[in-house]
Amino acid sequence: MIKSPICDMLKIKYPIFQGGMAWIADGKLAAAVSNGGGLGIISAMNAGADYLKGQIDIARSLTDKPFGVNIMLMSPYADEVAEIVVSERVPVVTTGAGNPSKYMQSWLEAGITVIPVVASVAMAKRVERSGAAAVIAEGEESGGHIGELTTMAIVPQVCDAVSIPVIAAGGIADGRGVAASFMLGAAGVQLGTRFLVAKECSVHQNYKEMVLKANDISTVVTGKRFGWNTCRSIKNNFTRNFSKEEYAPDATAEKIALLGVGALRLAAVEGDKQNGCFLAGQISGLVNKEQTAAEIIKEIFDEAEALLKGANSWVK
Amino acid sequence: MVLEKIRELIADKIDCEPGTITEETKFSDLGIDSLDVTELVMSIEDEFNIELEIDASMVAVSDLIKAVESKIK
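Residues numbered from 1 in each chain as written. Chains lettered and ligands numbered in written order. Predicted model: local features only at pLDDT ≥ 70, side-chain atom pairs only at ≥ 80, totals over all residues. Heavy atoms only, no water.

1. Quick word on the overall build of chain B
Along chain B, the regular secondary structure elements total 3 helices and 0 strands. With respect to the three principal axes, the spread of C-alpha positions in chain B is 30 × 25 × 20 Å. When burial is assessed residue by residue, chain B has 40% of its 73 residues classed as buried. A sequence separation of at least 24 residues applies to 52% of the contacts in chain B between residues at least 6 apart. As displayed, chain B offers around 4300 Å² of accessible surface, 45% of which is attributable to carbon and sulfur atoms. Both charge centroids of chain B, one from 7 positive and one from 19 negative side chains, sit 5 Å from each other. (Helix = DSSP H or I, 4+ residues; strand = E, 2+ residues; numbered from the N terminus. Buried < 20%, exposed > 50% of the residue type's maximum accessible area, 1.4 Å probe, protein only. Contact = heavy atoms within 4.5 Å. Areas by Shrake-Rupley, 256 points an atom, 1.4 Å probe, with all protein chains shown as cover. Lys, Arg positive; Asp, Glu negative; His and termini not counted. Charge placed at Lys NZ, Arg CZ, Asp CG, Glu CD.)

2. With respect to the interface of chain B and chain A
Listed as interface residues are 10 residues of chain B and, on the opposing side, 10 residues of chain A. Together, the buried faces of chain B and chain A total about 850 Å²; carbon and sulfur atoms form 55% of this surface. At the junction of chain B and chain A, the tally comes to 3 salt bridges. Two residues, R129 of chain A and E45 of chain B, come together in a salt bridge whose shortest N-O distance is 2.9 Å. Looking at the side of chain B that touches chain A residue by residue, the class counts come to 5 nonpolar, 1 polar and 4 charged. (Buried area = accessible area lost by both parts, 1.4 Å probe. Salt bridge = Lys/Arg side-chain N within 4 Å of Asp/Glu carboxyl O. Nonpolar A, V, L, I, M, F, W, Y, C, P; charged D, E, K, R; others polar.)

3. Observations regarding the side chain of R232 of chain A
By secondary structure assignment, the location of R232 of chain A is in strand β11 (residues 231–234). At 3.1 Å, the side chain of R232 of chain A and the side chain of T219 of chain A are in polar contact. (Polar contact = N/O pair within 3.5 Å; in protein donor to acceptor, adjacent residues only side chain to side chain.)

4. A few points about the sheet that holds strand β8 (residues 166–169) of chain A
As a general point, the strands of a sheet are linked pairwise by backbone hydrogen bonds and lie either parallel or antiparallel. Residues and elements named next belong to chain A. Here 8 strands make up an open sheet; going across it, the order is β1-β9-β8-β6-β5-β4-β3-β2 and the pairing parallel. The open sheet has two edge strands, β1 (16–18) and β2 (40–43), and neither has a second partner. Neighbouring strand axes in the sheet, compared pairwise and without regard to direction, differ in orientation by 25° on average. The pairing of strand β4 (residues 92–96) with strand β5 (residues 113–118) spans 4 bridges and is parallel. Looking across to β5, one finds that T94 is bridged to I115. (Pairing = 2+ DSSP bridges. Axes fitted to C-alpha atoms, helices over the stretch in contact; angles between N-to-C directions.)

5. What to know about helix α4 (residues 78–87) of chain A
Residue and element names in this part refer to chain A. Residues of α4 that are buried: A78, V81, A82, I84 and V85. One side of α4 carries all its buried residues, which in axial view fall inside an arc of 160°. Away from its buried face, by an angle of more than 90 degrees, α4 presents the exposed residues E83 and S87. Buried positions along α4 lie against α3 (49–62), β3 (67–72), β4 and α5 (101–109). A positive backbone phi angle near 50° is found at R89, which sits one or two residues after α4. (Arc of directions from axis to C-beta.)

6. Re the domain arrangement of chain A
Residues and elements named next belong to chain A. If you check the domain split of chain A, you get domain 1 (5–201 + 290–308) and domain 2 (219–279). A straight line from the C-alpha centre of domain 1 to that of domain 2 covers 25 Å. On the side of domain 2, 11 residues touch domain 1, which itself brings 12 residues to the contact. Summed over both partners, the interface of domain 1 with domain 2 buries about 930 Å², with 61% contributed by carbon and sulfur atoms. When the area that domain 1 buries against domain 2 is broken down by residue, the three leading residues are W23, G144 and I146, summing to 50%. (Domains from an automatic or database assignment.)

7. Digging into the packing of aromatic side chains
Residues and elements named next belong to chain A. Under the criterion given, the structure shown has 4 aromatic pairs over all chains. With 5.1 Å between their ring centres and 35° between their planes, Y14 and F301 make a pair best called tilted. One end of the pair, Y14, is in the loop between α1 (5–10) and β1; the other, F301, is in helix α14 (residues 293–310), with 287 residues separating them in the sequence. Here Y14 falls in the buried class, since its relative accessible area comes to 11%. Note on F301: relative accessible area 2%, which makes it buried. Aromatic side chains Y103 and W107 sit 5.4 Å apart centroid to centroid with 25° between the ring planes, which places their arrangement in the stacked category. Taken together, the positions of Y103 and W107, both in helix α5 and 4 residues apart, correspond to about one turn of that helix. Residues Y103 and W107 agree in their burial class; the two are buried. (Phe/Tyr/Trp six-rings, centres within 6.5 Å; stacked < 30°, edge-to-face > 60°.)

8. Some words on the environment of A30 of chain A
Residue and element names in this part refer to chain A. Relative to the helices and strands, A30 is located in helix α2 (residues 27–35). For A30 and P116, which are 86 residues apart along the polypeptide, the C-alpha to C-alpha distance reads 18 Å. Those residues within four positions of A30 in sequence are excluded, and the remaining contacts are Q18, G40, I41 and I42.

Next comes the structure, spelled out in structure tokens:
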């Protein structure tokens, strides 16, 4: 049995979070992960308070276990969803794409455990100072918005810099990744792509098929040139077009911003393999079967436990 | 005084001549990205013993100066 301070802090059985994937991580998936013993997370994505309230209601109808909400700080609705998590007494909030300090005080006063995603040591230290209970150090192996550092590099550096628990994210899909994360100093892990193919995940079947079919070199990073929207997704017609336009001589940040509009919805809801943007991590090649969220979690931790128990065999 | 200190911190960070940095200089022109800005803001906070808000509108040296001056006055 693998236990860490994160289990006690959040009252969960396994120290594993399901990433707050926009258009994918809804109340149903979050509840399935929480029922499986992890921390399910609902993505507030680019939607308003009504959407989030609806998903929280769904999660609550399916589980009595703790769950979280991920707030994308760049969302135009960030202010209103920041209020909903307070009025709904959501136990855990994770944040992405920015600096959450503006909301920290009201969340902490409401008794919410705040765990921001960070992409650098400086960011981790800042949010620790503002009252974060833990941080998610995410490497660029992950799908979606990414920073520059790899998981192997960022996790131990963040662990050294802060005294709150660190959750490792990016490039983790199985027990090997979990065991390695613990060796790097993490007290937990966050996985996105592996949960994307969970049976309880309502994403379009074409999206799941893209991930299941993907191999080690199937993902690509776009949006690097203008720096504000760097994303990893599965190579397709959309990413090829995007890269071509992004590096065209007459490209501007404004023009490129328009290219991505609506592409996540096309992927997750319509399953449009040509024009959708299928965010997924580098470990897509390791994800090759659909299981329930509970099966995924149990398999991963059984494997991690066996590996960690055998770690002694390296020491002579 | 604030400009000079900020110049010094930026120059130290990116290894350039402080004199080449003016109030109008944009971070993007210096190759400073949003992660670097976070780091820079933290050293400024230590230096002036203040706490600053970081947001996407912080794009030039003048924005940093304004933020610092509003806290120390």
